[in-house]
Amino acid sequence: MRTARSARTAATLMAVVALAAGCSGSGGKSSEDRSGGQGGGKAAGTPRLKIAMVTHSGEGDTFWDIVQSGAKQAAAKDNVQFLYSNDKEAKGQAELVQSAIDKKVDGIVVTLAKPEAMKAVLAKAKAAGIPVVTINSGGEFSQKFGALTHIGQDESVAGEAVGTELGKRGKKKVLCVIHEQGNVSLEQRCAGVRKTFKGTVENLNVEGTDAPSSQSSIEAKLQAAKDIDAVVALGAPIADLAVKARQDAHSGAEVDTFDLNAAVVKSLKAKDVGFAVDQQPYLQGYLAVDELWLYRTNANVIGGGKPVLTGPAIVTEKDVPKLEKYTARGTR
């Protein structure tokens, strides 16, 4: 596994673990029992908190199941009531954040896929004294919108890593599939690929929540442009559709993808996918809840307010033996 993660992330994680251990109480139920054997020691003896996570996820995106898995594990450890909601439409997501504010939660975790739509409601959260942590997308807007920190990968850097890897593999023409129009993180990924890739990069917009339509669009493009030798999916579910589209189009293009799940690991093992970019969504959910708990109980800010990087790491079939058991349980 080749990684571009910042060294400060490792130091941050050690600090979080040490603090969590120091704040654990003996009266809580073991989170080993609560989490199906994933470990974590006993629940904290700190006051019960309520933390809401509001994302831009569409239906059927397994990436967010992994994020939630991490958040729930941290919540069990930290004596936190975890509330999750999502809306792929920016207006709907902002309304869900307002609902969390109205519930007087102790902290909010939010994504900034369409940042301008979230600016006003996050100002309301700040006015209400509710700390906010951003994850996954829109990291460059996090600080200016008043968040404590941002947890995720630098999407431009991740895209650049993909462009470099494609060049090493001798690719000449790449199709970059954007499954949610207007999502700044997805656009940054394709722009990053274009920055370091020496060949041609063409974007294709599809409706990610409509699987048959997305697959048909990719297939049609591969049939029309036989010289496309690589398809870059920007999410694991799209990778699966791209593999099927490639087969139906009788194309020799390599499919590569951002993000990791059990299906992608299976495809890596079968060599249906060349490589994947892992941004560790479990860690994003876990650290976000942990950060809000640490802030509320000990006034800590992990990363000193700077972005805490969880990726990118390039994963290939060589990493499958190490990752299979983790993706099978939904934590990678």
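Residues numbered from 1 in each chain as written. Predicted model: local features only at pLDDT ≥ 70, side-chain atom pairs only at ≥ 80, totals over all residues. Heavy atoms only, no water.

Asks: Any details on the overall build of the protein chain? Residues and values, ideally.
Replies: If you tally the helices and strands in the protein chain, you get 13 helices and 13 strands. A burial count over the protein chain gives 55% of its 332 residues as buried. In the protein chain, of all internal contacts separated by at least 6 residues, the share reaching a separation of at least 24 is 73%. Carbon and sulfur atoms make up 50% of the accessible area of the protein chain, which amounts to about 13700 Å² in all. (Helix = DSSP H or I, 4+ residues; strand = E, 2+ residues; numbered from the N terminus. Buried < 20%, exposed > 50% of the residue type's maximum accessible area, 1.4 Å probe, protein only. Contact = heavy atoms within 4.5 Å. Areas by Shrake-Rupley, 256 points an atom, 1.4 Å probe, with all protein chains shown as cover.)

Asks: Pulling in residues and values, what's your account of the pairing of strand E5 (residues 132-135)?
Replies: Regular strands show a simple pattern: their side chains alternate between the two faces of the sheet. Of the two faces of E5, the one carrying Val 132 and Thr 134 and the one carrying Val 133 and Ile 135 are both buried. Sheet analysis places strand E4 (residues 107-111) next to E5, joined by four bridges and oriented parallel. Paired with Thr 111 across the strands is Ile 135, a residue of E5. (Pairing = 2+ DSSP bridges.)

Asks: Which residues make up helix H7 (residues 155-168), and what values go with them?
Replies: An ideal rise of 1.5 Å per residue puts 20 Å on 14 residues; H7 measures up with 20 Å between its terminal C-alpha atoms. Listed in full, the buried residues belonging to H7 are Glu 155, Ala 158, Gly 159, Val 162, Gly 163, Glu 165 and Leu 166. Summarising the axial view, the buried residues of H7 lie within an arc of 165 degrees, below the 170-degree limit, and thus occupy one face. Sitting at the head of H7, Asp 154 places a side-chain oxygen 3.1 Å from the backbone nitrogen of Ser 156. Backbone geometry just downstream of H7 places Gly 170 in the positive-phi region, at approximately 80 degrees. (Expected span 1.5 Å × (residues − 1). Arc of directions from axis to C-beta. Polar contact = N/O pair within 3.5 Å; in protein donor to acceptor, adjacent residues only side chain to side chain.)

Asks: For the pairing of strand E8 (residues 200-205), give the residues involved together with the corresponding values.
Replies: Here strand E7 (residues 173-178) pairs with E8 via six bridges, running parallel. Its bridge partner lying in E8, Cys 176 is registered against Asn 203. Each parallel crossover has a hand, and the one from E7 via helix H8 (residues 184-196) to E8 is right-handed. (Right-handed = clockwise from strand over helix to strand, strands pointing away.)

Asks: Could you give an account of the environment of Asp 319, with specific residues and numbers?
Replies: Position of Asp 319 relative to the elements: it lies in the loop between strand E13 (313-315) and helix H13 (320-328). For Asp 319, a relative accessible area of 6% translates into the label buried. For Asp 319 and Phe 275, which are 44 residues apart along the polypeptide, the C-alpha to C-alpha distance reads 10.0 Å.

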